[in-house]
Amino acid sequence: MKLDDPRIKRIIRERSLSFCLECGKCSASCPRMLTGKEYSPRLLAQKLITEPEDEAFIENSVWECLTCGMCEERCPSGVAYSRFILDMRTLLAGTKGLKGYRSHDGALHSWMRLMTSPDLEQNRLDWIGPELRVAGSGPLAFFTGCAPYFDVFFSWIEVDTLSIARDSIRLLNFLDLVPVVLGEERCCGHDLLWTGDRENFETLCRQNYEEFKAAGVREVVVSCPECYQVLSQFMPQVIPGFDLKITLLMELLDREIRKGGLSFQPLPRRVTYQDPCRLGRMSGRYQVPRTLLSLIPELTLAEMENSGRSAVCCGNNGFINCDLYSKRIQVERLKEAKATRAELLVTACPKCMIHLTCAMRDPLRQGSLALPIRDLANVLAGQIEWSGGEAPVGPRPR
Amino acid sequence: MARVNLLGICCSWSPFACYNAAGMARMELPSNFDLIRVMCIGRINQALILRAFEYGADGVILLECQDEDCRYGPGPEVGHNNVQRVRKLLHLLGIGQKRLVEKNFAANEREELVAALWEFARDMEAMGTNPAKPSQEREGP
Ligand code: SF4
Ligand code: SF4
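Residues numbered from 1 in each chain as written. Chains lettered and ligands numbered in written order. Predicted model: local features only at pLDDT ≥ 70, side-chain atom pairs only at ≥ 80, totals over all residues. Heavy atoms only, no water.

1. Regarding the overall build of chain B
Stage number 1. For chain B, the count of helices and strands is 4 helices and 4 strands.
Stage number 2. Taking 141 residues into account, the globule formula puts the C-alpha radius of gyration at 14 Å, and chain B, at 15 Å, falls close to it.
Stage number 3. Principal-axis analysis of the C-alpha atoms gives chain B an extent of 40 × 35 × 30 Å.
Stage number 4. In chain B, which comprises 141 residues, the share counted as buried stands at 50%.
Stage number 5. At a minimum sequence separation of 6, the contacts of chain B that also span at least 24 residues come to 82%.
Stage number 6. Approximately 6,600 Å² of chain B is accessible, and the part contributed by carbon and sulfur atoms is 49%.
Stage number 7. Averaging the coordinates of the 16 positive side-chain charges in chain B and doing the same for the 18 negative ones gives two points 4 Å apart. (Helix = DSSP H or I, 4+ residues; strand = E, 2+ residues; numbered from the N terminus. Rg over C-alpha atoms; globule rule 2.2 N^0.38 Å. Buried < 20%, exposed > 50% of the residue type's maximum accessible area, 1.4 Å probe, protein only. Contact = heavy atoms within 4.5 Å. Areas by Shrake-Rupley, 256 points an atom, 1.4 Å probe, with all protein chains shown as cover. Lys, Arg positive; Asp, Glu negative; His and termini not counted. Charge placed at Lys NZ, Arg CZ, Asp CG, Glu CD.)

2. Re the packing of aromatic side chains
Residues and elements named next belong to chain B.
Stage number 1. Overall, the coordinates contain 14 aromatic pairs over all chains when judged by the stated rule.
Stage number 2. Consider the rings of Trp 13 and Tyr 72, whose centres lie 6.4 Å apart with planes at 70°: the pair is edge-to-face. Here Trp 13 is found in the loop between strand S1 (6-11) and helix H1 (14-24), whereas its partner Tyr 72 is found in the loop between strand S3 (59-65) and helix H3 (75-93), with 59 residues between them in sequence.
Stage number 3. Residue Tyr 72 is classed as partly exposed on the basis of its relative accessible area, which comes to 44%. (Phe/Tyr/Trp six-rings, centres within 6.5 Å; stacked < 30°, edge-to-face > 60°.)

3. Notes on the environment of Arg 89 of chain A
Residue and element names in this part refer to chain A.
Stage number 1. With respect to the element layout, Arg 89 can be found in helix H7 (residues 81-96).
Stage number 2. Taking the relative accessible area as the measure of exposure, Arg 89 reaches 2% and is therefore buried.
Stage number 3. Linking Arg 89 and Arg 328, residues 239 residues apart in sequence, is a C-alpha distance of 25 Å.
Stage number 4. Excluding anything up to four places from it in sequence, Arg 89 contacts Val 62, Trp 63, Glu 64, Cys 65, Thr 67, Trp 194, Thr 195, Gly 196 and Ile 320.
Stage number 5. Within polar-contact distance, the side chain of Arg 89 engages the backbone oxygen of Val 62 at 3.0 Å. (Polar contact = N/O pair within 3.5 Å; in protein donor to acceptor, adjacent residues only side chain to side chain.)

4. Looking at the domain arrangement of chain A
All names here are of chain A.
Stage number 1. One can read the domain layout of chain A as domain 1 (6-96), domain 2 (103-256) and domain 3 (259-385).
Stage number 2. Domain 2 and domain 3 are separated by 22 Å when their C-alpha centres are compared.
Stage number 3. Across the domain 2 to domain 3 interface the summed buried area is about 3,300 Å²; carbon plus sulfur atoms make up 67%.
Stage number 4. A per-residue breakdown of the area domain 2 buries against domain 3 is headed by Ile 157, Pro 225 and Met 250, which together make up 18% of the total.
Stage number 5. On the surface where domain 2 and domain 3 come into contact, there are 5 salt bridges.
Stage number 6. Taking the shortest distance from any N to any O, the salt bridge between Asp 191 and Lys 351 comes out at 2.9 Å.
Stage number 7. The interface formed by domain 2 and domain 3 holds 16 residue pairs in polar contact (both at pLDDT 80 or more) in total.
Stage number 8. Contributions of two or more residues to the side of domain 2 that touches domain 3 are made by helix H8 (107-114), helix H10 (162-174), helix H11 (190-194), helix H13 (225-238) and helix H14 (249-258). (Domains from an automatic or database assignment. Buried area = accessible area lost by both parts, 1.4 Å probe. Salt bridge = Lys/Arg side-chain N within 4 Å of Asp/Glu carboxyl O.)

5. Details of the sheet that holds strand S4 (residues 100-105) of chain B
All names here are of chain B.
Stage number 1. Taken together, 4 strands build an open sheet; the order of strands is S2-S1-S3-S4 and the sheet is parallel. Since the sheet does not close on itself, it has two edges, and those belong to strand S2 (33-38) and S4, each with one partner. The sheet shows a mean angle of 20° between the axes of neighbouring strands, direction not considered.
Stage number 2. Of the pairings in the sheet, the one linking S1 to S2 comprises 6 bridges and is parallel in character. Residue Cys 11 lies in a different strand from S2, and its bridge partner there is Val 38.
Stage number 3. Those strands touched by helix H2 (residues 46-54) are S1, S3 and S4, and its axis lies near 145° from that of S3.
Stage number 4. Here H3 sits on the sheet and contacts S3 and S4; the angle it forms with S4, its principal contact strand, is near 165°. (Pairing = 2+ DSSP bridges. Axes fitted to C-alpha atoms, helices over the stretch in contact; angles between N-to-C directions.)

6. Here's the deal with the nonpolar core
Stage number 1. One finds Trp 111, Phe 154, Val 220, Leu 231 and Leu 345 of chain A together with Leu 50 of chain B to be the most contacted residues of the largest nonpolar core, which totals 127 residues.
Stage number 2. Summarising the domain contributions, this core has at least three residues from each of domain 2 (103-256) and domain 3 (259-385) of chain A.
Stage number 3. The residues contacting Leu 345 of chain A, other than those within four sequence positions of it, are Thr 272, Gln 274, Met 304, Leu 334, Ala 337, Leu 356, Met 360, Leu 371, Pro 372, Ile 373 and Arg 374 of chain A. (Core = buried A, V, L, I, M, F, W, Y, C linked by side-chain atoms within 4.5 Å.)

7. Structural notes on the sheet that holds strand S8 (residues 373-375) of chain A
All names here are of chain A.
Stage number 1. Strands sit in the order S6-S5-S7-S8 across an open sheet of 4 strands; the sheet is parallel. The open sheet has two edge strands with one neighbour each: strand S6 (300-301) and S8.
Stage number 2. Those strands touched by helix H18 (residues 376-383) are strand S7 (344-347) and S8, and its axis lies near 80° from that of S8.

8. So, the pattern of salt bridges
Residue and element names in this part refer to chain A.
Stage number 1. Per the counting criterion, the structure on display carries 37 salt bridges over all chains.
Stage number 2. The partner of Lys 47 in a salt bridge is Asp 54, with the nearest N and O atoms 2.8 Å apart.
Stage number 3. A relative accessible area of 24% places Asp 54 in the partly exposed class.
Stage number 4. For Lys 351, the salt bridge is made with Glu 226, and the minimal N-O distance between the two is 2.4 Å. Here Lys 351, found in helix H17 (residues 350-360), pairs with Glu 226, found in helix H13; they are 125 residues apart in sequence, far enough to count as distant. The pair formed by Lys 351 and Glu 226 is uniform in burial state, with each residue classed as buried.
Stage number 5. The network of salt bridges with common partners includes Arg 32, Lys 37, Glu 64 and Asp 323.

9. Some thoughts on the interface of chain A and chain B
Where the parts come together, the accessible area they lose is often given as the size of the interface.
Stage number 1. With 31 residues of chain A at the contact, the number on the chain B side is 27 residues.
Stage number 2. Regarding the contact of chain A and chain B, the summed buried area is about 2,400 Å², with carbon and sulfur atoms giving 57% of it.
Stage number 3. At the junction of chain A with chain B, the criterion picks out 1 salt bridge.
Stage number 4. Here Arg 113 of chain A makes a salt bridge to Glu 54 of chain B, at a shortest N to O gap of 3.0 Å.
Stage number 5. For the interface between chain A and chain B, the tally reads 10 residue pairs in polar contact (both at pLDDT 80 or more).
Stage number 6. Contributing elements (two or more residues each) for the side of chain A that touches chain B: H8, helix H9 (147-153) and helix H12 (198-214) of chain A.
Stage number 7. Here the side of chain A that touches chain B takes 5 residues from H8 of chain A, the largest share from any one element.

10. Some remarks on unusual backbone geometry
All names here are of chain A.
Stage number 1. One non-glycine residue, Glu 158, lies in the positive phi region at around 55°.
Stage number 2. As for its position among the elements, Glu 158 is in the loop between H9 and H10.
Stage number 3. On the basis of relative accessibility, which here comes to 65%, the residue Glu 158 falls in the exposed class.
Stage number 4. The backbone of Arg 341 sits at a positive phi, close to 60°, despite the residue not being glycine.
Stage number 5. Checked against the element boundaries, Arg 341 lands in the loop between helix H16 (324-339) and S7.

What follows is the structure, given as structure tokens:
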């Protein structure tokens, strides 16, 4: 890597890295650094500008970041840190190969890449029973993401991400919406994108777009914040003339509820809420999930010490670099959740659910971190009813 | 018939002894077959099996010891559990679950091992190439 490499110069310019004041606010708020990892976002920024010949340092650091966006929130100079990391990873992966220690030995990345096959014939809809109304074609689709795959792969930690997809469709059905669920939907490509595999990511984007078009879809409802970020922010960069409307399930619900006629059955629980980074810091949605929770009678929302803009990451992103520092981040986060005396931890991202559930199960902690965890869609589907009363559409939260 | 890529993942103990003995006896093996030797099939995880398909295998056979012969203890059981789990992922991906085969051998079963490899090759050739192959290069170096 050379100081005058035009590609590096361009990244530095586009991501405002030369505005860095070396104030160190990023490092002081970075969960990875705070848990003791030898990684400093400030130092990486400085090295890249003043000592780009220290390639080993730069390359290692680029793969360490969680892309959680906490530093950007604090940076007084507007450095776009996570996008800078994304650009650097894409560049390095193209020139030096993909790096970053892949969790689960890269099994997830393997299936994501296998999905780029043009001749794929998946059996990904086995979980849709007669109680769910779905369509093969039509104007509105629901994007399930990798939920059917997670359901198999993470069955050993007993995390039910497929329940999020089921409850999302139940909620849509409850509003008399019958979504298209594609039989050949692919992974949205989030994890490949953020680990530098731009080529396969773009292939997935094109394939998903073509599948939607072939089914006559005009609007895609998404529950997972990572899928939402990809479909709404990155897919339009890949597809010329992108014309799909991408809607967050929670915003659709919020809109429908404002029209009146809907209400929620009481849920006498104290709950706390984990802001997913792709929903909060990267898409600016802090209020909608809280508003929806506040509509449930008898539910008390107890905020964690760090919430909203300063919510701490669930410890991992893109399924790389899960290590003891990730674990420390998760343990600290779960302690914060426990400190609220909540009986239920609500999140809105299946990945938060997977990573935090994994940490809860640490046998050495003997269950001291265990806390029931549910997705916002699960909680809402369990309580929603028409204001005259009608049975809720899903099982009640435990 | 389309040429299929076959991969064997072979435990270094009993199955490799069979494979070695078959080689010494100059027994014929399928030509489109590659073998990876590992210390124990317990070393193999779901990711490594999936990776074989990602890298273009049309069929994967795990060659394991008999349960009671494992030099380390749980090897074949680990292999068995991984196969069960990966088969579910293969099913989702539309990669026929039959493309992943698991066989156990005692150290003196060279004929059985060779017969199993031919049977595996015939079955895979009958199934043809695996439809789920990544459309472009996988990971870099
Ligand atoms: S994005 Fe998160 S992990 Fe990466 S440098 Fe910023 S605070 Fe640290
Ligand atoms: S917070 Fe922003 S200005 Fe301060 S050191 Fe980090 S990148 Fe530079």
